[in-house]
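This is what each chain is made of:
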Amino acid sequence: MKNIALHSIHENLGAKMVSFAGFNMPVQYEGVTAEHLTVRESLGVFDVSHMGEFLVKGENALALIQKVTSNDASKLEIGDAQYSCFPNEENGIVDDLICYKIKENSYLLVVNAGNIEKDWNWISKYNEEFKADLKNLSDEYSLLAIQGPKAVEAMQSLSSIDLAAISFYKFKVGDFAGIDNVIISATGYTGSGGFEIYCKNADVIQIWNKVFEAGADFGIKPIGLAARDTLRLEMGYCLYGNDIDDTTSPIEAGLGWITKFTKDFVNSEALAKQKEEKPSRKLVAFELDERGIPRHGYDIVDGNGNVIGNVTSGTMSPCLQKGIGMGYVPTLFSKLGTQIHIQVRKNAIPATVIKLPFYKG
């Protein structure tokens, strides 16, 4: 089990620590609902240093990325970030990721903590052809997500960069909290604005302390991974291992927008065919029409009690005060407004297929 650089700080703050993807991680401090609402209404900080970072450099860096990812990285300018995925060869997804263009012929791929080794092996396999310069920086870097509507105002004193000018899925490299060459990225996972800060492990304690000093007048609080999950679900953002995995295609998962057939990539021909012929199932979002809490793994049933799918993510929405979730159903049941039922123990609770996001802000 690995400890992140701020492990002792989280323990001293009274965090409940759990094993997650091979790391000891803070799952909550004062409680999921309170932490969730802190991010929606003011300002919270997540330590997500368990995430993986791969540096891809060299004249064939872009060619390798184009081959292994579904999105079109040739569209990136320096300072752009792009959401994408690694398709596998069986219509599934190896992982989802964010690709940052740091400079010409230099990219940073940020991957999920539980998939670091799998992703590294996957990219390395294809790199035998391209021979780009690959480095796994995952153990060297920490990552803080400073999220909430007060993030820009609270953090501006820590950087000479105009934080308000960094638009969604853009980033700057510069000074932050007294440290140079920090990546300040507007790529949050909460839907409430803010930044993700990439820094060396040796610098993260200083940055953490200065962030909390700067945010003191804005009600800043540490936030655990449990609230990160409820926040991302209110936005309808997919979580790898729940809503997408090695058996779900980006077309089925509603990720056609990051799947660009203007280039050749792993399994692109089969995915293009699936898109053209329409997938047999789709990932849908639903709200319960009656009281109840949908959970990962619960059955989705039709009006006659026949199992037609399963819940991939579900919770009681802290902002909406109703049960919300996502799950795969036959395409016939995916139309907006369709009524389905969620099997919550002995009760089949009616639910309605809706358009994302759940939380409109």
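Just so you know, these numbers come straight off a predicted model, no measurement behind them.

Scoring rules and cut-offs
- Residues numbered from 1 in each chain as written.
- Predicted model: local features only at pLDDT ≥ 70, side-chain atom pairs only at ≥ 80, totals over all residues.
- Heavy atoms only, no water.
- Core = buried A, V, L, I, M, F, W, Y, C linked by side-chain atoms within 4.5 Å.
- Buried < 20%, exposed > 50% of the residue type's maximum accessible area, 1.4 Å probe, protein only.
- Helix = DSSP H or I, 4+ residues; strand = E, 2+ residues; numbered from the N terminus.
- Polar contact = N/O pair within 3.5 Å; in protein donor to acceptor, adjacent residues only side chain to side chain.
- UniProt positions renumbered as here; feature names shortened; annotations may be inferred.
- Contact = heavy atoms within 4.5 Å.
- Pairing = 2+ DSSP bridges.
- Axes fitted to C-alpha atoms, helices over the stretch in contact; angles between N-to-C directions.
- Salt bridge = Lys/Arg side-chain N within 4 Å of Asp/Glu carboxyl O.
- Phe/Tyr/Trp six-rings, centres within 6.5 Å; stacked < 30°, edge-to-face > 60°.
- Lys NZ or Arg CZ within 6 Å of the ring centre and 35° of its normal.
- Domains from an automatic or database assignment.
- Buried area = accessible area lost by both parts, 1.4 Å probe.
- Arc of directions from axis to C-beta.

Novice: Just give me the short version of the nonpolar core, but keep the residues and values in it.
Specialist: Most often, soluble globular proteins have nonpolar side chains that are buried together. Membership of the largest hydrophobic core comes to 42 residues, with the highest contact counts inside it found for Phe46, Val48, Tyr83, Tyr100, Ile244, Leu255 and Phe358. Of all elements in the fold, only β3 (23-28), β6 (81-87), β7 (93-103), β8 (106-111), β10 (141-147), α7 (225-235), β15 (281-288) and β18 (323-330) reach the threshold of two or more residues within this core. Per-element tally for this core: the top contributor is α7, with four residues.

Novice: If you had to explain the environment of Glu287 to someone new, which residues and values would you point to?
Specialist: With respect to the helices and strands, the residue Glu287 is situated in strand β15. Given a relative accessible area of 17%, Glu287 falls into the buried group. Put simply, Glu287 and Phe358 are 71 residues apart on the chain and 8.3 Å apart in space, counted from C-alpha to C-alpha. At a separation of 3.3 Å, a polar atom in the side chain of Glu287 contacts the side chain of Lys322.

Novice: Describe the UniProt feature "binding site: substrate" (unreviewed entry) in the protein, naming the residues involved and giving the relevant values.
Specialist: With numbering matched to this structure, UniProt assigns "binding site: substrate" (unreviewed entry) to Glu196. Of note, Glu196 is situated in strand β13 (residues 194-200). When its relative accessible area of 5% is taken as the criterion, Glu196 is described as buried. In this view, Glu196 contacts Tyr100, Leu143, Leu144, Ala145, Ile183, Ile184, Ser185, Thr187, Gly188 and Arg228; residues no more than four positions away in its chain are not counted.

Novice: Quick rundown of the sheet that holds strand β16 (residues 299-301)? Include the residues and the values.
Specialist: Within the closed barrel, the six strands sit side by side as β15-β18-β17-β16-β19-β20. Their pairing is antiparallel. Going across the sheet, the axis of each strand differs from the next one's by a mean of 45°, ignoring polarity. Pairing between β16 and strand β17 (residues 307-316): three bridges, direction antiparallel. Bridge pairing links Asp299 to Asn310 in β17. In the packing of α7 onto the sheet, contacts are made with β17 and β18, and the angle to β17 comes to roughly 120°.

Novice: Mind laying out the pattern of salt bridges, listing which residues take part and the relevant values?
Specialist: Counting across every chain of the model gives 12 salt bridges. Across the pair Lys67 and Asp264 runs a salt bridge whose closest N-O atoms are separated by 3.2 Å. One end of the pair, Lys67, is in helix α3 (residues 61-68); the other, Asp264, is in the loop between α7 and α8 (268-277), with 197 residues separating them in the sequence. Since its relative accessible area comes to 52%, Asp264 is described here as exposed. Close ionic contact of Arg232 with Asp229 constitutes a salt bridge, the shortest N to O distance being 2.9 Å. Here Arg232 and its partner Asp229 are both found in helix α7, three residues apart, which amounts to about one turn of the helix.

Novice: Describe the packing of aromatic side chains, listing the residues and the values that go with them.
Specialist: For the structure on display, the rule yields nine aromatic pairs. Measuring from ring centre to ring centre gives 5.9 Å for Tyr189 and Tyr237, while their planes differ by 15°; the resulting arrangement is stacked. Of this pair, Tyr189 sits in the loop between β12 (179-185) and β13 while Tyr237 sits in the loop between α7 and α8; the two residues are 48 residues apart in sequence, bridging distant segments of the chain. In this structure Tyr237 comes out as partly exposed when scored by relative accessible area, which is 25%. The rings of Tyr100, Phe171 and Tyr198 are connected pair by pair, giving a single aromatic cluster. Sitting over the ring of Tyr359, Arg40 keeps its end group 4.0 Å from the ring centre. The ring of Tyr328 has Arg281 lying over it, and the distance from NZ or CZ to the ring centre is 4.5 Å.

Novice: Which residues make up the domain arrangement of the protein, and what are the values?
Specialist: Buried accessible area, meaning the area lost when the parts come together, often serves as the stated size of an interface. Along its sequence, the protein is organised into domain 1 (2-46 + 140-233), domain 2 (52-136) and domain 3 (280-360). Taken together, the contact between domain 1 and domain 2 spans 13 residues of the former and 15 residues of the latter. Here domain 1 packs against domain 2, burying approximately 1100 Å² in sum over the two surfaces, 65% of which is carbon and sulfur. For the domain 1 face of the interface with domain 2, the top three residues by lost area are Tyr169, Phe171 and Tyr198, together amounting to 52%. In this assembly, domain 1 and domain 2 are joined by one salt bridge. Lys170 is the partner of Asp80 in a salt bridge, and the nearest nitrogen-oxygen pair spans 2.7 Å.

Novice: How would you sum up α8? Please name residues and give values.
Specialist: Those residues of α8 not exposed but buried are Ser268, Leu271 and Gln274. Axial view of α8: buried residues confined to an arc of 120°, hence all on one face. The outward face of α8, more than 90 degrees from its buried face, is lined by the exposed residues Glu269, Glu276 and Glu277. Downstream of α8 by a residue or two, Lys278 has a phi angle that is positive, lying close to 75°.

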